[in-house]
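Coordinate analysis (summary)
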Amino acid sequence: MSILNSQIEQHYYRPDLYNDIINRLKELDVDLNNVNRKDIAGVDEFHVRGVEVSRELAKIANINNSRVLDIGCGIGGPCRMLADEFNCDTIGIDLSTEYVATANRLSELVGLSHKTKFIQGDATNLPFQDNTFEVVWTQHVQVNIKDKLMFYSEIDRVLANNGLFIYYEVFKKGGKEINYPMPWADESGISFLDQSSKTDSILEKLGLVKKQSTDQTESGILILQKLLDRISKRGVPRLGLNVLMGATTKDKISNLLNGLKEGKIHLESGFFKKQK
């Protein structure tokens, strides 16, 4: 593994993550013999608006019964949602060995291991054959990808003809620098924000056709403000994204919120179609 990838993996590392989640479920008096997706919803989708936006994107793109690759899958929440609610056959890949191990065990815990699979790997060197997936899906991933051309070229390679690339990302807006820490980076050395127009340009040169894009910034600001207000009044939840972000959770949320409010960054979702 490269030095950069090791630094990124270390940023996300939380020791014994699965057992930490289990212990928190016990503290919440959840029956461990009957855990469902709702019980772990607060922690298993590591992006702004969580399952709400994932479900929204899946409905808009109409991806029922698809074979899906989630790049940067985290601990697997989107894959489980797509398998459970949209009857998708899902594979998630993530750089973090700890996340992948946790994702597989959480799927077993909620009874979805037969429709989800998680593997460790590099998003710029995917271990799959050409034209394998009907849908490739990323959420808040390219912020950690330095080689954007290789990243999107690999997405194009593994995506089947007429398949969809669905994204929900944080993009740079203007030239002002953001403040750290952020959820994806404690400092700028592992943060590779770029403008959405550059992403569009790369994908279009690869032959993908943009079908839709939506500015998600205002929706993101609303939910982040509510989250920050709740933390200020009550502290961090027993089982929330603080489990993944650690002691600097409040600072990360504050910096992300301020970056969106100040127009330094923006949230955008959308999808491209492979038509070759």
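Let me begin by describing the structure that accompanies this report. (Residues numbered from 1 in each chain as written. Predicted model: local features only at pLDDT ≥ 70, side-chain atom pairs only at ≥ 80, totals over all residues. Heavy atoms only, no water.)

1. Concerning the overall build of the chain
Rules: A helix here means a DSSP run of H or I that spans at least four residues, while a strand means a run of E at least two residues long, and both kinds are numbered starting from the N terminus. C-alpha atoms define the radius of gyration in this analysis, and the globule rule sets the expected value at 2.2 Å times the number of residues to the power 0.38. Buried means the residue's accessible area, taken with a 1.4 Å probe over protein chains only, is under 20% of the maximum for its type, while exposed means over 50%, and partly exposed covers the values in between. Throughout, a contact is declared for two residues whenever any of their heavy atoms are within 4.5 Å. Here Asp and Glu are counted as negative and Lys and Arg as positive; His is not counted, and neither are the chain ends. For charged residues, the charge sits on one atom: NZ in Lys, CZ in Arg, CG in Asp, CD in Glu.
Assigned secondary structure in the chain consists of 10 helices and seven strands. Against the compact-globule benchmark of 19 Å for 276 residues, the chain has a radius of gyration of 18 Å, which places it among compact chains. Seen along its three principal axes, the alpha-carbon backbone of the chain occupies a region of about 55 × 45 × 35 Å. Classification of the 276 residues of the chain by burial places 55% in the buried group. Considering only contacts in the chain between residues 6 or more positions apart, those separated by 24 or more positions represent 80%. Taking the 35 positively charged and 37 negatively charged side chains of the chain as two groups, their mean positions are separated by 4 Å.

2. Quick look at the pattern of salt bridges
Side chains that differ in charge, positive against negative, can pair when their charged atoms come close. The following threshold applies: Salt bridge, as applied in this entry: a Lys or Arg side-chain nitrogen positioned within 4 Å of an Asp or Glu carboxyl oxygen.
The final tally for this structure, using the stated rule, is 17 salt bridges. E56 is paired through a salt bridge with R49; the nearest N and O atoms lie 2.9 Å apart. According to the relative accessible area criterion, E56 is partly exposed, its value standing at 27%. Classification of R49 by relative accessible area gives buried; the value is 12%.

3. Details of the side chain of R49
By the element assignment, R49 lies in the loop between α2 (17-27) and α3 (50-61). Apart from the residues lying within four places of it in its own chain, the contact partners of R49 are E56, Y168, Q216, S219, G220 and I223.

4. Digging into helix α4 (residues 77-86)
The buried fraction of α4 is high, at eight of 10 residues. Among the residues of α4, G77, P78, C79, R80, M81, L82, A83 and F86 are the ones counted as buried. Buried residues along α4 sit against α3, β1 (67-71), β2 (89-94), α5 (97-109), β3 (116-120) and β4 (133-139).

5. Re the nonpolar core
Rule in force here: Nonpolar core, defined: a set of buried Ala, Val, Leu, Ile, Met, Phe, Trp, Tyr and Cys residues in which side-chain atoms within 4.5 Å join the residues together.
In terms of nonpolar packing, the biggest core is built from 58 residues, with I21, L25, I63, L82, I166 and W184 touching the most fellow members. Ranked by residue count, the leading element in this core is α2, at five residues. Residue contacts for I21: discarding those within four places in its chain leaves V43, I75, T102, L106, L239 and V243. If you look at the next biggest cluster of nonpolar residues, it comprises 23 residues, including I93, V141, V158 and F171.

6. Focus: α5
An α-helical turn contains 3.6 residues, so a residue and the one three or four places further along point in the same direction. Cut-off, in case you're wondering: Here, expected helix span is obtained from the residue count minus one, scaled by 1.5 Å.
The terminal C-alpha atoms of α5 lie 18 Å apart, and with 13 residues this matches the ideal 18 Å at 1.5 Å per residue to within 8%. Among the residues of α5, those classed as buried are E98, Y99, V100, T102, A103, L106, S107 and L109. Those residues of α5 that are buried are in contact with α1 (3-12), α2, α4, β2, β3 and α9 (242-245).

7. Focus on the sheet that holds β1
We apply this condition: In this analysis, strands are considered paired if DSSP registers two or more bridges between them. To get an axis, a line is fitted to the C-alpha atoms, and for a helix only the part in contact is used. The angle between two axes follows their N-to-C directions and goes from 0 to 180 degrees.
Ordered by their spatial adjacency, seven strands build an open sheet running β3-β2-β1-β4-β5-β7-β6, and the pairing between neighbours is mixed. This sheet does not close on itself; its edge strands, each paired only once, are β3 and β6 (208-215). The mean angle between the axes of side-by-side strands here comes to 15°, regardless of whether they run parallel or antiparallel. Seen against the sheet, helix α6 (residues 148-158) touches β1, β4, β5 (159-172), β6 and β7 (265-274) and runs at an angle of roughly 155° to β5.

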